[in-house]
Amino acid sequence: MKKFFVKLFLVLATVVNVFGGLTVQAQEDGKLNVVITTTHLADMAQDIGGEHVNVTGLMGPGVDPHGYEPTPSDIDALNNADLIGYNGLHLEAMFTDVFESMEKSGANIFSLDEAITEDQILDYKYEGKDLEDDPHIWFDIQIWDQAAKLVADEFAALDPDNADYYQANYEDYSKRLEELDQYVKDKVAELPEEDRILITAHDAFSYFGEKYDFRVEGIQGINTQTEAGTGDISITADLVIEEEVPAVFIESSVSDRNVQALIEAVEARGGSLGIGGELFSDAMGTDEENAGNYFDCYKTNVDTIVEGLKK
Ligand SMILES: [Zn+2]
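Keep in mind the model is a prediction, meaning the values are calculated, not measured.

**Student:** What's the story with the coordination of the zinc ion in this structure? I'm lost.
**Tutor:** As a benchmark, a tetrahedral metal site with four donors has ideal angles of 109.5 degrees, while an octahedral site with six donors has ideal angles of 90 or 180 degrees. His66 (NE2), His136 (NE2), His202 (NE2) and Asp282 (OD) make up the full set of protein donors to the zinc ion, lying at 1.9 to 2.1 Å. Because the angles between the 4 donor atoms bound to the zinc ion fall within 93 to 122°, the donor set is best described as tetrahedral. Mapping the donors of the zinc ion onto the primary sequence yields the spacing H-x69-H-x65-H-x79-D. A residue pair is termed long-range when its members are at least 10 positions apart, and His136 in the loop between β6 (129–133) and α5 (141–158) and Asp282 in the loop between β10 (274–279) and α10 (294–309) qualify at 146 residues. Here His136 matches Asp282 in class, with each residue buried.

Shown next as structure tokens:
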């Protein structure tokens, strides 16, 4: 914990210098104070850190990370953190400047793209062009395992006395991920391959589709901050008719406006399209929704997708 106390001392010293006598409350429990942007990563960090870390997640259930702007209290939390973690790959677009300036000022900060190799990152393609890196990496269970290892290593670097503890928690987490992967494979196997067409409000499920052989179409593209054109809706409506897709899925963190527009476009073509249910794409849900942790959230999504697409 030496580094931690040095850091805390520096924070105190800075605050005292700047404000002439103010102090911040010391972390009396001796735990690492970790601040994380997204729900998926905050949940995983708490599992890896266990009793030796306090994790503060800045974004709650149902919050869209593409458009979330840091609040003054978020900035306070970030300034007082021993360690900051974020997804990266431009998911938290509104945090870019904040993280850049914090990094320059020497904050301990990591993003999950450090855990993965370039060839693992999917490119978002639109009209045949590679546009940008796809940030929705939590749907790739292998990548998520690497991310969990990175988190364990980050904790161990700041708190070497508990390095074995973090490593053991990572190994346990890794086993649970393996079981989850098997669960998903078994569930997906209930659906014939030709029926595996997943249409959602925005393009969050490409990593899922890649691993489990789904064709994935997001009406709005990869980023919730862009508008879906009538062209996108019309192309997707044609696909629904052609492939007799029974259902489209809404997302807890995205407006269902485009989904409704798609349903209308399909009906205008004489077809029909139901809503297969609500998916937790860019933010987890609550325990009541059976989506309050990474594992439940993934299983609930897969159950919803498979049941919704059965003909
Ligand atoms: Zn997204």
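**Student:** Looking at this structure, I do not really get the pairing of strand β2 (residues 53–57). What am I missing?
**Tutor:** Successive side chains on a regular strand alternate, one facing one side of the sheet and the next facing the other. When strand β1 (residues 32–36) meets β2, the two strands line up parallel, connected through 5 bridges. Its bridge partner being in β2, Asn33 is matched across the sheet by Asn54. One crossover worth recording links β1 to the parallel β2 by way of helix α2 (residues 39–49), and it is right-handed.

**Student:** How do you make sense of the nonpolar core when you look at a structure like this?
**Tutor:** By size, the foremost hydrophobic cluster in this structure holds 57 residues, and its most contacted members are Trp144, Phe155, Phe208, Phe214, Tyr294 and Tyr298. Going through the elements one at a time, β1, α2, α5, α6 (163–188), α7 (206–212) and α10 are the ones with two or more residues in this core. Both domain 1 (2–181) and domain 2 (192–309) contribute no fewer than three residues apiece to this core. In this structure Phe208 touches Phe139, Val184, Val188, Leu198, Phe214, Tyr298, Val302 and Ile305, once residues within four positions along its chain are discounted. With 19 residues, the next largest nonpolar core counts Ala201, Val245, Ile250 and Val259 among its residues.

**Student:** Even after reading the chapter, I still don't get the pattern of salt bridges, so can you show me in this structure?
**Tutor:** Two side chains that carry opposite charge are able to pair once their charged atoms sit near each other. This model, assessed by the stated rule, comprises 11 salt bridges. Here Arg176 makes a salt bridge to Asp47, at a shortest N to O gap of 3.5 Å. Residue Arg176 is found in helix α6, and its partner Asp47 is found in helix α2; the two are separated by 129 residues along the sequence. According to the relative accessible area criterion, Arg176 is partly exposed, its value standing at 31%. Where Arg215 meets Glu217, a salt bridge forms, and the shortest distance between an N and an O atom there is 3.1 Å. Because the salt bridges share partners, they merge into one network encompassing Lys187, Glu190, Glu307 and Lys310.

**Student:** It is not clear to me how α2 should be interpreted in this structure. Could you clarify?
**Tutor:** For α2, a buried count of 9 out of 11 residues is recorded, marking the element as mostly surrounded by other parts of the structure. Residues of α2 that are buried: Thr39, His40, Leu41, Ala42, Asp43, Met44, Ala45, Ile48 and Gly49. Among the structural elements, β1, β2, β3 (83–86), α5, α6 and α10 are those in contact with the buried residues of α2. For α2, the capping residue at the N-terminal end is Thr38, with a side-chain oxygen 3.4 Å from the backbone nitrogen of Leu41. Phi turns positive, to about 50°, at Gly50, one or two residues after α2.

Here is what the cut-offs are and how they apply
Residues numbered from 1 in each chain as written. Predicted model: local features only at pLDDT ≥ 70, side-chain atom pairs only at ≥ 80, totals over all residues. Heavy atoms only, no water. Donors = N, O, S within 2.8 Å, 3.2 Å for Na, K, Ca; no water. Tetrahedral: all angles 85-135°; square planar, octahedral: opposite > 155°, others 65-115°. Helix = DSSP H or I, 4+ residues; strand = E, 2+ residues; numbered from the N terminus. Buried < 20%, exposed > 50% of the residue type's maximum accessible area, 1.4 Å probe, protein only. Pairing = 2+ DSSP bridges. Right-handed = clockwise from strand over helix to strand, strands pointing away. Core = buried A, V, L, I, M, F, W, Y, C linked by side-chain atoms within 4.5 Å. Domains from an automatic or database assignment. Contact = heavy atoms within 4.5 Å. Salt bridge = Lys/Arg side-chain N within 4 Å of Asp/Glu carboxyl O. Polar contact = N/O pair within 3.5 Å; in protein donor to acceptor, adjacent residues only side chain to side chain.

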